[in-house]
Protein chains: 4
Amino acid sequence: MYGKLKARAEELSGELVACRRDLHQFAELGWMEMRTSSLVAARLTEWGYEVITGRDVCLDEARMGLPAKEVLDEHYEWAVAHGADLRFVEKTRGGFTGVVGILHCGEGKTVAMRFDMDALPVFEKTDTAHRPRMEEFASCTDGVMHACGHDGHTTIGLGVARVLSEIREELSGTIKLIFQPAEEGVRGARSIVEHGHLDRVDYVLGSHLTASDDGKCHICPGMAGTFATTKLDAVFTGRAAHAGVAPEQGNNAMLAAATAVLNIQAIPRHGQGESRVNVGVLRAGTGRNVICDRAKLEIEVRGQTTEVNAYMEAYTRNILQASAMMHQCKLAVDVMGSSAAIECTPELVERIRQVCTDDLAIDVNEPSDMGGSEDFAYMTRHVISQGGMACFTGIQIPCAGVFHSAGFDFDERALPLGVAYYTGVVWNLLGR
Amino acid sequence: MYGKLKARAEELSGELVACRRDLHQFAELGWMEMRTSSLVAARLTEWGYEVITGRDVCLDEARMGLPAKEVLDEHYEWAVAHGADLRFVEKTRGGFTGVVGILHCGEGKTVAMRFDMDALPVFEKTDTAHRPRMEEFASCTDGVMHACGHDGHTTIGLGVARVLSEIREELSGTIKLIFQPAEEGVRGARSIVEHGHLDRVDYVLGSHLTASDDGKCHICPGMAGTFATTKLDAVFTGRAAHAGVAPEQGNNAMLAAATAVLNIQAIPRHGQGESRVNVGVLRAGTGRNVICDRAKLEIEVRGQTTEVNAYMEAYTRNILQASAMMHQCKLAVDVMGSSAAIECTPELVERIRQVCTDDLAIDVNEPSDMGGSEDFAYMTRHVISQGGMACFTGIQIPCAGVFHSAGFDFDERALPLGVAYYTGVVWNLLGR
Amino acid sequence: MYGKLKARAEELSGELVACRRDLHQFAELGWMEMRTSSLVAARLTEWGYEVITGRDVCLDEARMGLPAKEVLDEHYEWAVAHGADLRFVEKTRGGFTGVVGILHCGEGKTVAMRFDMDALPVFEKTDTAHRPRMEEFASCTDGVMHACGHDGHTTIGLGVARVLSEIREELSGTIKLIFQPAEEGVRGARSIVEHGHLDRVDYVLGSHLTASDDGKCHICPGMAGTFATTKLDAVFTGRAAHAGVAPEQGNNAMLAAATAVLNIQAIPRHGQGESRVNVGVLRAGTGRNVICDRAKLEIEVRGQTTEVNAYMEAYTRNILQASAMMHQCKLAVDVMGSSAAIECTPELVERIRQVCTDDLAIDVNEPSDMGGSEDFAYMTRHVISQGGMACFTGIQIPCAGVFHSAGFDFDERALPLGVAYYTGVVWNLLGR
Amino acid sequence: MYGKLKARAEELSGELVACRRDLHQFAELGWMEMRTSSLVAARLTEWGYEVITGRDVCLDEARMGLPAKEVLDEHYEWAVAHGADLRFVEKTRGGFTGVVGILHCGEGKTVAMRFDMDALPVFEKTDTAHRPRMEEFASCTDGVMHACGHDGHTTIGLGVARVLSEIREELSGTIKLIFQPAEEGVRGARSIVEHGHLDRVDYVLGSHLTASDDGKCHICPGMAGTFATTKLDAVFTGRAAHAGVAPEQGNNAMLAAATAVLNIQAIPRHGQGESRVNVGVLRAGTGRNVICDRAKLEIEVRGQTTEVNAYMEAYTRNILQASAMMHQCKLAVDVMGSSAAIECTPELVERIRQVCTDDLAIDVNEPSDMGGSEDFAYMTRHVISQGGMACFTGIQIPCAGVFHSAGFDFDERALPLGVAYYTGVVWNLLGR
């Protein structure tokens, strides 16, 4: 069966590439994957999946970092005008863009797989040597680009969906394909977990494309090294005053913000693991001669472990509070995203490694550290805490440009490789 | 003659009010007084003045804080469409909005008077109890408002122009009426001085409306207490990097900016006079998880004397430089406006005081400190340095709201009072 | 009588100089004027004054910036060994070094005069060109020096005491001579006021030597320009930890202190008057590789008015509190000294000016700003608030070196001049 | 032979304990190990070693963090009075306290071993339950204590010297025993390397006592996890001024210091490894009302790799420079200590592991991270760079109290274990 699955994946290559390029061209930002998710839902339906969409996927109030209503509404019109499937797009209004496809194959374990769908606010390279330009599938929306390979992830998910539907008679158990919105900024996964979609899941699988150094393709099960993270927005509200005439009548939000920036960056390192901290954006003040009455900071902290991240977050919040108090400003803090560190179950990682090597004859590499954060961690944490197992895997292929940059592109051999990988592992776990 | 001048000013009241309300309704920001100045030029021409406009008023390269070309171009269209005098507006293109009107009255001294024309970026109050709303002359442009009374100043200038033209036969010397753009932000006066319009001037007069506490109107010659000031924009340019993966590869402009804000605000007080400092605006960074690579600060410093201001400016520049170096960022600093402290010639102040009391029978008050800054100071400094005399005068009248606020309005008795004041003083100085 | 008083003062010159030089040689720091005050008490007693000493002068708990008990005890031994009057020194134990001398002259007004007695922690110049070295009356205690002229003040006070006692029959009212400890650091005056010694006082007079530019001596009544001030000590207590192994286990008092220093210095200027701020001393930490667990700051703020100073103090305290909270440290703040701004009663100043000019034929100068602070302000404030009048006067004489420096010395003509001034004014106020 | 060496070590237990307790009682700080090193030199001489002492061990100018000359001189007197060997102590004057003992055993490789001798500035616990108190070998010097086990290290070195001298006939090659001063603060090793004592060394061995969790003793070859580190002292020199009268005339070293503290602590984390930073001590200013003209910071940075440490040091120096420039202060920076991260040669580690397990039958544990820093790193780096091999080993035994604390003590089974370990490894490397 492993050989058959691998061959089938190869056979689908042309379709997979076409699908990926369509998604690349119509890239959509987090919580706005309206066209994308309507197409996903349509295909899953076509292939016989039970399809869950709209408010039934992401718990409304657990969605983090949601764009403004007007932005969502405007994008809805765009999606409708750019090829969204009209049977499914309606339910994505208001940013409900997750899709879950379920394939019931009788008694047995449940295997969940996560595929993320969102693009990044990056202007795609205009250089014609950039393949998406040359081959004319570059993003049609200025400032929105699949610069992290999620177009590939979604495509792999659809390929997996198709192949598994073809062998459903030979499987025993339940397949759950989760197409997640808003992974960038680690905003989406929690709302899916909190809706209950990871309850009673025995195995949860996820993956990310990564860059290969040697021109070859590899599978790297057990990829870790993602950091736990919390994204905070903080707003100091002070009081304006004329800076020349009566500076003492102001409550200076600029001073609060500057003090917070320096002290947040100066949070002592942690002896139990690495930490990160960044105030990436600061917008403060309205006029040169007015005591600044409002300052907004966009902050993120990270920790090698969930505990280190918690330390960083707590210290940051304390600094914000004290900075506000220091200059008699009010403070509002919002969580715009958060994620634990990914945990993999060693036993499952080892089993998958053997499937790849022994059964699928795919080259396996040691997983590298990712450095960044990944909210798939919410899913691994939840499943493991309920007694299940989790594995996060690198799909390592040659890439052009670096991740998140304007010139990013990846070798499309990734697509059949990913499909072979997932279907092979599912066969190993649920094959009759 | 004094009585006659005062009566004539009263007689013109209705016209002055109409003029002021027209200007109020079509308020224009600094360097964009295109409609305003075209109307001023038209009237001065009509009354027999030699009229200088366009590039002959403000020295191009000495104009500070100029808006972007597109903004100027767009506003030009607006001015044309909103009643600008088509004979004069052409020469204001590109922000050349100053006007000088000269009345040659034979041999004698030269008296220059300065009237400023620009409005502020303030949204006018929508409350119908606000008189400009009730009487329907509120600004027709959202976010632009004469909230500092310069509509009154320009109107007074026109009234003075008219009355002086009527008595020109009885004067001996030269009258120079300077209609200045961009006083807000102390951006315009220097370019007029540098063009040479204050050379060989014997007396220079200026004024500002101020609020009266007692419901009555007063004239306050010798108003001082304006601070010298410098307005600086500073841009730190660092290098972006992924805040999670490789923060050490960035050059963090946010840290440079926060360090600069705290240290600039912490510049030691000066033992020889009061100082002020404000970082009013800070814009930094593009993304939460990106090391900030650009931060822009809008700064102003002030000093009770020109020397104290120079100390504040030099220290600020040094802090900016060191902050950039500290985090290996590049730095660009631009002067967006500057002004010395106003100086009045005691002898002239005393003379004017007597004209008001003894000849015009106007109630004279002690001048109060203005607190803010006023670039008329460039003119007083230049004229005094060349052996002339200067006086800055408060026209004190009841006001609604505070200066620079959305609900500001003033008692229009200010208009004939101002005309009587200026014409009386000119008569005293140049009357045959 | 004025002529007689002036002549008597001249006559006493030799004794005054001898007295001043003795005090100069045995200079004593604030709250340790044990030898000095015992001698003062002895002479006042001898001249018939009611003499109040020890705990009856300064209210114990209102004494600010008191040295440690051991320091006081040790100095007591020194005083006994260096010529203190044994009848009076006993009561100075523990730092009770104030003396009040009262001369009852029947019905009438009460005139209080303040003379301060303490020296400074300055090493006196060793250069033999320094007159106290050349004429052998330099301080015998290393690091303690009358570098602010209080030796002269105390001497003048004793001269005044003597002369007034000689003319007591011709006076009508009450004379109160207050010899104050610990003026440096503005620590002593409040405790005398709070004990009630300024209650029911009609006139309070004080003075300070100041430098003359023209080689001549002048009297400058109505000297003001002293700032209100508050001196604070702040101690942050955190928790130590190994900086390499577990920095997160510390509570970093160094970060709290650095944040406080920058923010205190950055307190916005006040539109209603000048302010000053300084963190003069910071001691933090015990070891390079230990997270700092203790930091002590010595702070002072000043304001041109008592209100501006209050703003500075309140803001400083708020910053200290927030800085402690920010890094989870404890905070202790102690007031080490404080003073209001001196207020003079214009009516009394004018009266004194006339006494000097018309009656005493002393050259009168315009008072200059002192710049620093002076806790005589407590006395002026209290007396004025109870309906009395106050005057602070400069005794302007040629000086060597600058005040508070190692080479300071003053022209001893100051001594008879001061005696003539005070006795003349008292005669004017209380003469029968 | 291995069995024989182990047995001989056991046999010497009593002497080893006596030696360690003598050293513990007469603990000496870094560069002051005058008594200690004189005794070491005496014994090495007695056992037939070529002994190098005084200026021939540590390169004078490469010694870091040397105490003041007076301190050294005073301690010399103490050492002479407390049992130093008079034949050898003379050459330690001025802090030349290193000793190298060489045993020439014919042709062959050179094996160097490092033993450190210095104590810490810690007050030893007075509680009688503390074994050194109970058994009366607590430090006789207040504030100096062997709280890091170097008394044990030196004792092991002497035991190794003795046993190897006994089997010299059976060895082939050269033995070099290096008794190092001033390891605390990572001050001493570099000066030995720079003198050339590690040139042409084939193997270099070092060790540190570490705490065992299970009550048993283990050997942990290949211990790493020490951080590279640099210790810096920085002095800002500004200019004093009266904080009330003329603050602008000062150059405020306090502001420079506070800015440096916050920014140094805020140096961005490094993506390639952990970092540490601490400003442990800050002394600034002399008087509350004086603009601070001098501030001294004691700083340390660390990095998981030598490169990360270099980044931290370079950034710190840049911040110091910019902070000085910002407030127009001068800056002096001194290196007070530094160390690379320890590197072990995997091949040698593996060989030693097998010696322990197979030949010596000692229990081997996985090495743990040390967290702190260790200047043995200078030696490993130098030897490896010349083609040799290095191994740093943990001697893991039960301990009381934590390292560097007042109650620290260790199980003296460490002593024979250490002797057996070193002699066994040497036998493996050089045995005929």
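Provided above is the structure to which this section pertains.
Counting starts from 1 at the beginning of each chain's written sequence and moves along it residue by residue. Chains carry letters from A onward and ligands carry numbers from 1 onward, assigned in written order. This being a predicted model, a pLDDT of at least 70 is required before a residue's local features are given, and a value of 80 or more before pairs of side-chain atoms are given or counted; all residues contribute to the totals for chains, interfaces and linings. As a rule here, side-chain values cover all heavy atoms of the structure and leave hydrogens and water aside.

1. Side note on the overall build of chain A
A tally of regular secondary structure across chain A gives 13 helices and 13 strands. Our radius of gyration looks at C-alpha atoms and nothing else; its globule reference is 2.2 Å times the residue count to the power 0.38. Taking 2.2 N^0.38 as the reference for a compact globule, 432 residues should give roughly 22 Å; the C-alpha atoms of chain A span a radius of gyration of 23 Å, in line with that estimate. Taken over the C-alpha atoms alone, chain A extends approximately 80 × 50 × 40 Å along its principal axes. Looking at the 432 residues of chain A, the share that counts as buried comes to 64%. Note on contacts: a residue pair qualifies if any of its non-hydrogen atoms lie within 4.5 Å across the two residues. Of the contacts made within chain A by residues no fewer than 6 positions apart, 84% connect residues no fewer than 24 positions apart. Counting every atom, chain A has about 14,700 Å² of accessible surface; 48% of that belongs to carbon and sulfur. Here chain A contributes 41 positively and 58 negatively charged side chains, and the mean placements of these two sets differ by 3 Å. Per the convention used, a helix needs a DSSP run of H or I reaching at least four residues, while a strand needs a run of E reaching at least two, with both numbered from the N terminus. Relative accessibility under 20% of the residue-type maximum defines a buried residue, over 50% an exposed one, and the middle range a partly exposed one, all with a 1.4 Å probe and only protein chains included. Only the protein chains shown count as cover for residues, and all accessible areas are computed by the Shrake-Rupley method using a 1.4 Å probe. Residues scored as positive are Lys and Arg, those scored as negative are Asp and Glu, and His as well as the terminal groups of each chain are ignored. Where a charge lies is defined by one atom per residue type: Lys uses NZ, Arg uses CZ, Asp uses CG and Glu uses CD.

2. A short note on the nonpolar core
The nonpolar side chains of a soluble globular protein tend to be buried, and buried together. In this structure, Phe 236 of chain A, Phe 236 of chain B, Phe 236 of chain C together with Phe 236 of chain D are the most contacted members of the largest nonpolar core, which totals 132 residues. Listed in part, the 93 residues of the second largest apolar core include Met 117, Tyr 203, Val 355 and Phe 410 of chain C. What is meant by a nonpolar core is a set of buried Ala, Val, Leu, Ile, Met, Phe, Trp, Tyr and Cys residues, joined one to another through side-chain atoms within 4.5 Å.

3. Considering the sheet that holds strand β4 (residues 173-180) of chain C
Backbone hydrogen bonds hold the strands of a sheet together, and the pairing may be parallel or antiparallel. Residue and element names in this part refer to chain C. We treat two strands as partners when DSSP finds at least two bridges between them. Here we have seven strands laid out as an open sheet, ordered β1-β2-β4-β3-β5-β11-β6, and mixed in their pairing. At either end of the open sheet lies a strand with only one pairing partner, and these are β1 (50-52) and β6 (218-221). This sheet shows a mean twist of 20° between the axes of neighbouring strands, independent of strand direction. Sheet topology note: the strand β3 (residues 110-116)/β4 ladder contains seven bridges and is parallel. Along β4, the bridge assignment pairs Ala 112 with Lys 176. Helix axes are fitted only over the stretch in contact, all axes being lines through C-alpha atoms; the angle between N-to-C directions runs from 0 to 180 degrees. Relative to strand β2 (residues 99-105), helix α3 (residues 34-46) is tilted by about 15°, and along the sheet it contacts β1, β2 and β4. The strands touched by helix α12 (residues 376-385) within the sheet are β3, β4, β5 (203-211) and β11 (389-397), with β5 carrying the most contacts at an inclination of about 150°.

4. Topic: the pairing of strand β3 (residues 110-116) of chain D
Residues and elements named next belong to chain D. In terms of burial, β3 is largely enclosed, as seven of its seven residues are buried. Residues of β3 alternate between two faces, with Thr 110, Ala 112, Arg 114 and Asp 116 on one and Val 111, Met 113 and Phe 115 on the opposite face, all of them buried. Note that β3 and strand β5 (residues 203-211) share three bridges and pair parallel. Paired with Val 111 across the strands is Tyr 203, a residue of β5.

5. Some words on the relation of the copies chain A and chain B
The superposition of copies rests on a least-squares fit of C-alpha positions from residues with pLDDT of 70 or more in both. For the match of chain A to chain B, the screw axis carries a shift of 0.1 Å, the RMSD comes to 0.1 Å, and the turn is 180°. Both chain copies can therefore be described as sitting about a two-fold axis. Most of the interface of chain A is mirrored in chain B, where 98% of its interface residues are also at the interface.

6. Here's the deal with the interface of chain D and chain A
How big an interface is tends to be stated in terms of accessible area lost as the parts join. Listed by partner, the interface residues are 15 residues for chain D and 15 residues for chain A. Defined here as a combined quantity, buried area equals the accessible surface (1.4 Å probe) lost by two parts on assembly, summed across both. Interface of chain D and chain A: buried area, both sides summed, is about 1,200 Å²; carbon and sulfur atoms make up 46% of it. Interface area lost by chain D to chain A is led by Leu 262, Gln 265 and Arg 269 of chain D, which between them contribute 50%. Salt bridges are counted wherever a side-chain nitrogen of Lys or Arg sits within 4 Å of a carboxyl oxygen of Asp or Glu. There are zero salt bridges connecting chain D and chain A. The term polar contact refers here to a pair of N or O atoms within 3.5 Å; inside protein, the definition further demands a hydrogen-donor-capable atom paired with an acceptor-capable atom, and it admits residues adjacent in sequence only when both atoms are side-chain atoms. Our count for the chain D to chain A interface comes out at eight residue pairs in polar contact (both at pLDDT 80 or more). Elements with a minimum of two residues in the side of chain D that touches chain A: α9 (253-265) and β8 (275-284) of chain D. In this classification, Asp, Glu, Lys and Arg are treated as charged, Ala, Val, Leu, Ile, Met, Phe, Trp, Tyr, Cys and Pro as nonpolar, and every other residue, Gly included, as polar. In terms of residue class, the side of chain D that touches chain A is made up of six nonpolar, six polar and three charged.

7. Some details on the interface of chain A and chain B
With 41 residues of chain A at the contact, the number on the chain B side is 40 residues. Each partner contributes to the roughly 3,100 Å² buried at the junction of chain A and chain B, and carbon and sulfur atoms together form 55% of this total. The three residues of chain A that bury the most area against chain B are Met 254, Leu 262 and Arg 288 of chain A, which together make up 22% of that side's buried surface. If you look at where chain A meets chain B, you find two salt bridges. Asp 233 of chain A serves as the salt-bridge partner of Arg 288 of chain B, at 2.8 Å between the closest nitrogen and oxygen. Our enumeration of links across chain A and chain B arrives at 18 residue pairs in polar contact (both at pLDDT 80 or more). Among the elements of the structure, β7 (228-237), α9 (253-265), β8 (275-284) and β9 (294-303) of chain A are those that each provide at least two residues to the side of chain A that touches chain B. If one sorts the elements of the side of chain A that touches chain B by residue count, β8 of chain A sits on top with eight residues. Considering only residue class, the side of chain A that touches chain B consists of 19 nonpolar, 14 polar and eight charged.

8. Overview of the relation of the copies chain D and chain A
Superposing chain D onto chain A takes a rotation of 179° plus a shift of 0.1 Å along the axis, which leaves an RMSD of 0.3 Å. When you check the interface residues of chain D against chain A, 100% turn up at the interface there too, and the contact is symmetric in its surfaces.

9. Digging into the packing of helix α2 (residues 13-25) of chain B against helix α7 (residues 150-166) of chain B
Residues and elements named next belong to chain B. Interaxial distance between α2 and α7 falls to 9 Å at its minimum, and their mutual angle equals 140°. Between α2 and α7, the interaxial angle falls into the category oblique. Relative to α7, α2 is oriented so that their crossing is right-handed. In contact with Glu 15, Leu 16, Cys 19, Arg 20, Leu 23 and His 24 of α2, α7 contributes Asp 151, Gly 152, Thr 154, Thr 155, Leu 158, Gly 159 and Arg 162. Within the contact of α2 with α7, the residues separate by chemical class into four nonpolar, five polar and four charged. Each angle is binned into one of four classes, with values under 35 degrees roughly parallel, values over 145 roughly antiparallel, values of 65 to 115 roughly perpendicular, and all other values oblique. Each crossing gets its hand from how the near helix is turned against the far one by less than a right angle, where anticlockwise is left-handed and clockwise is right-handed.

Function cannot be read off these values alone, since they describe shape.
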